[in-house]
Amino acid sequence: MADNSFSDGVPSDALEAAKNASNTEKLTDQVMQNPQVLAALQERLDNVSHTPSSYIETLPKAVKRRINALKQLQVKCAHIEAKFYEEVHDLERKYAALYQPLFDKRREFITGDVEPTDAESEWHSENEEEDKLAGDVKSKAVIAEKEVATAEEPNPKGIPEFWFTIFRNVDMLSELVQEYDEPILKHLQDIKVKFSDPGQPMSFVLEFHFEPNDYFTNSVLTKTYKMKSEPDKADPFSFEGPEIVDCDGCVIDWKKGKNVTVKTIKKKQKHKGRGTVRTITKQVPNDSFFNFFSPLKASGDGESLDEDSEFTLASDFEIGHFFRERIVPRAVLYFTGEAIEDDDNFEEGEEGEEEELEGDEEGEDEDDAEINPKKEPSQPSECKQQ
């Protein structure tokens, strides 16, 4: 009898394998729909110490397939979120124009170009009532003395050393300032934030406006921060909003002998043949705040930065963000120290909240609203971008 190993041209082994696979799939579906089997599986998983990834590995292929579908949805959500932040950037640009007249007036008061009116100078402090009572008690006894003191009290122009005082008050900035930087920073008259134009890649520019001085000829020093608001193709789930990815400084036109970012050192050299010694001078980098305008470049050629360079670049990005989000929009509060006290109190409150949450898991988090930086349309003479 002939061997009937083929049926209609299909090997019988292949038919048998296909039939077994179909039966296995049906059996698997029936098992996974059985509540008792699912409960037993869940109990087994609960009794085994595992990481999230190891748990996922234990799931049936059908469940893993659905998880992959969820990840596809999550990537689409990330792209929508990126568009949201792009529109937020557009809104920041729009409202910057509304804030700018107030910032222009702030500069005029600081520089002394304009004197505020009595109405503009009126401010009700928290201790106003106590101050009033104390003043009423002493007023009659010191009227004559007060008049003399007022006549002798100095009346400097504007608010002297306004921005320099902010640099001293803020630890993040004071750490960058050397003693020889201080006389230069006393000439700083304003700091502004400008957002990228519509249709341009997302970025912002910090402008440092200086009055004429003995150190450099630039009237404006600039620092440009380039941003990205799109999920990384290799790791889309890490997206948490726009991030600074690079920055450009500018060339400072130092006057002769005034460059504080370098120092001259003397070095002795001995001739190998004759044995004579000569002294040479050379310039080497010097610590200074003004190195802020000569930043490291983020690696764009696929080569990774060393650990120290990565830390320096991350610190630079943090400082730029702090100028934009805090210093520029709330300058007067950093001058008086009130914003610094608020920041300290918030940090302490956070720590205290964490301690309470150990015993009460229903504690609530508080959102910290921040004021957005503003944009300035005018274009004074600027330093050349690096």
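Per an unreviewed UniProt entry, the protein goes by the name Nucleosome assembly protein 1-like and belongs to Lynx pardinus. On record in UniProt, under Sequence similarities (unreviewed entry), the comment for the protein is "Belongs to the nucleosome assembly protein (NAP) family." Per its UniProt entry, the protein bears the Subcellular location (unreviewed entry) comment "Nucleus".

Colleague: Even after reading the chapter, I still don't get the overall build of the protein, so can you show me in this structure?
Modeller: On a plain count of helices and strands, the protein comes out with 12 helices and 10 strands. Sorting the 386 residues of the protein into buried and exposed places 26% on the buried side. Here the analysis covers contacts within the protein between residues at least 6 apart in sequence; of these, 64% occur between residues at least 24 apart. Carbon and sulfur atoms provide 51% of the accessible area of the protein, an area that totals close to 27,600 Å².

Colleague: Even after reading the chapter, I still don't get the nonpolar core, so can you show me in this structure?
Modeller: Nonpolar side chains in soluble globular proteins generally cluster together in the buried interior. Grouped together as the largest cluster of nonpolar side chains are 46 residues, with contacts concentrated most on Phe-167, Phe-208, Phe-290 and Phe-323. Here this core takes 6 residues from helix H10 (residues 307–327), the largest share from any one element. If we skip the residues at most four places from it in the chain, Phe-290 touches Asp-181, Ile-184, Leu-185, Phe-210, Phe-216, Leu-221, Ile-252, Trp-254, Val-260 and Thr-261.

Colleague: How should the layout of surface pockets be read in this particular structure?
Modeller: A water-sized probe rolled over the atoms picks out the places where empty space is left. A volume near 1,000 Å³ is recorded for the largest pocket. Surrounding the largest pocket, 30 residues form its lining, Arg-106, Phe-109, Glu-120, Trp-123 and Val-332 being those nearest its centre. For the lining of the largest pocket, the leading source of residues is helix H4 (residues 61–111), giving 7 residues. Across the lining of the largest pocket, the residue classes tally to 16 nonpolar, 5 polar and 9 charged.

Colleague: Quick question: what am I supposed to make of the packing of aromatic side chains here?
Modeller: For any pair of aromatic rings, geometry is given as the distance between the ring centres together with the angle between the planes. Throughout the structure, instances matching the rule amount to 24 aromatic pairs. Geometrically, the ring pair formed by Phe-167 and Phe-323 is tilted, given 6.1 Å between the ring centres and 50° between the ring planes. Taken together, the residues span a long stretch of sequence, with Phe-167 in helix H7 (residues 162–169) and Phe-323 in helix H10 at a distance of 156 residues. Pair check on accessibility: Phe-167 and Phe-323 agree, each one buried. Seen in terms of ring centroids, Phe-208 and Phe-293 are 5.3 Å apart; in terms of plane orientation they differ by 90°. Their pairing is edge-to-face. Here Phe-208, found in strand S4 (residues 203–210), pairs with Phe-293, found in the loop between strand S9 (277–285) and H10; they are 85 residues apart in sequence, far enough to count as distant. Here Phe-208 and Phe-293 have matching classes, each one buried. Joined through ring pairs, the aromatic side chains of Phe-167, Phe-208, Phe-210, Phe-216, Trp-254, Phe-289, Phe-290, Phe-292, Phe-293 and Phe-323 make up one cluster.

Colleague: Would you mind going over a negative patch on the surface with me for this structure?
Modeller: Residues Asp-306, Glu-307, Asp-308 and Glu-310 make up a contiguous surface patch of negative charge. Along the chain, Glu-307 turns up in helix H10.

Colleague: Would you mind going over the side chain of His-89 with me for this structure?
Modeller: Counting through the fold element by element, His-89 comes out in helix H4. Among residues more than four places away in sequence, those in contact with His-89 are Phe-195, Ser-196, Met-202 and Ser-203.

Colleague: I would appreciate a short explanation of the confidence of the model for the protein in the present structure.
Modeller: Regions with low pLDDT should not have their predicted coordinates read in detail. Averaged over every residue, the pLDDT of the protein is 79; the share at 70 or more is 70%. Counting contacts from residues 354–380, a segment whose pLDDT is below 50, to residues more than four positions away or on other chains yields 47 contacts.

Colleague: Looking at this structure, how should I read the pairing of strand S5 (residues 220–228)?
Modeller: Side-chain positions along a regular strand alternate between the two faces of the sheet. The element S5 is largely enclosed, with a buried count of 7 among its 9 residues. Inspection of the sheet shows S4 paired to S5 by 7 bridges, in the antiparallel sense. Bridge pairing in S5 places Glu-207 opposite Thr-222.

Colleague: Honestly, unusual backbone geometry in this entry has me stumped. Any pointers?
Modeller: Note on backbone geometry: most residues besides glycine have negative phi, and most peptide bonds are trans. For Glu-161, which is not glycine, the phi dihedral falls at a positive 55°. With respect to the helices and strands, the residue Glu-161 is situated in the loop between helix H6 (128–152) and H7. On the accessibility criterion, Glu-161 (33% relative accessible area) is partly exposed.

Colleague: I'm lost on a nonpolar patch on the surface in this one. Help?
Modeller: A surface patch of nonpolar side chains, amounting to about 520 Å² of accessible area, comprises Leu-91, Tyr-95, Leu-98, Tyr-99 and Leu-102. Topologically, Leu-102 is positioned in helix H4.

Colleague: I tried to follow the sheet that holds S4 on my own but got confused; where do I start?
Modeller: Spatially, the 4 strands line up as an open sheet ordered S3-S4-S5-S6, and their pairing is antiparallel. What marks the edges here is a single partner per strand, and that holds for strand S3 (188–195) and strand S6 (243–248). Direction aside, neighbouring strands of the sheet carry axes that sit 20° apart on average. When S3 meets S4, the two strands line up antiparallel, connected through 7 bridges. In the strand pairing of S4, Ile-191 is matched with Phe-208. Here H4 sits on the sheet and contacts S3 and S4; the angle it forms with S3, its principal contact strand, is near 170°. Against the sheet, H10 contacts S3, S4, S5 and S6, and its axis sits at roughly 75° relative to S4.

Rules used throughout
- Residues numbered from 1 in each chain as written.
- Predicted model: local features only at pLDDT ≥ 70, side-chain atom pairs only at ≥ 80, totals over all residues.
- Heavy atoms only, no water.
- UniProt positions renumbered as here; feature names shortened; annotations may be inferred.
- Helix = DSSP H or I, 4+ residues; strand = E, 2+ residues; numbered from the N terminus.
- Buried < 20%, exposed > 50% of the residue type's maximum accessible area, 1.4 Å probe, protein only.
- Contact = heavy atoms within 4.5 Å.
- Areas by Shrake-Rupley, 256 points an atom, 1.4 Å probe, with all protein chains shown as cover.
- Core = buried A, V, L, I, M, F, W, Y, C linked by side-chain atoms within 4.5 Å.
- 1 Å grid on protein atoms, 1.4 Å probe; cavity = no way out; pocket = protein on both sides within 12 Å on 5 of 7 lines; lining within 4 Å.
- Points joined across faces, edges and corners; volume = space filled by probe spheres on them.
- Nonpolar A, V, L, I, M, F, W, Y, C, P; charged D, E, K, R; others polar.
- Phe/Tyr/Trp six-rings, centres within 6.5 Å; stacked < 30°, edge-to-face > 60°.
- Patch = residues over 30% accessible without salt bridge, like charges linked within 9 Å, V, L, I, M, F, W, Y side chains within 5 Å.
- Salt bridge = Lys/Arg side-chain N within 4 Å of Asp/Glu carboxyl O.
- Lys, Arg positive; Asp, Glu negative; His and termini not counted.
- Charge placed at Lys NZ, Arg CZ, Asp CG, Glu CD.
- pLDDT = per-residue confidence, 0-100.
- Pairing = 2+ DSSP bridges.
- Axes fitted to C-alpha atoms, helices over the stretch in contact; angles between N-to-C directions.

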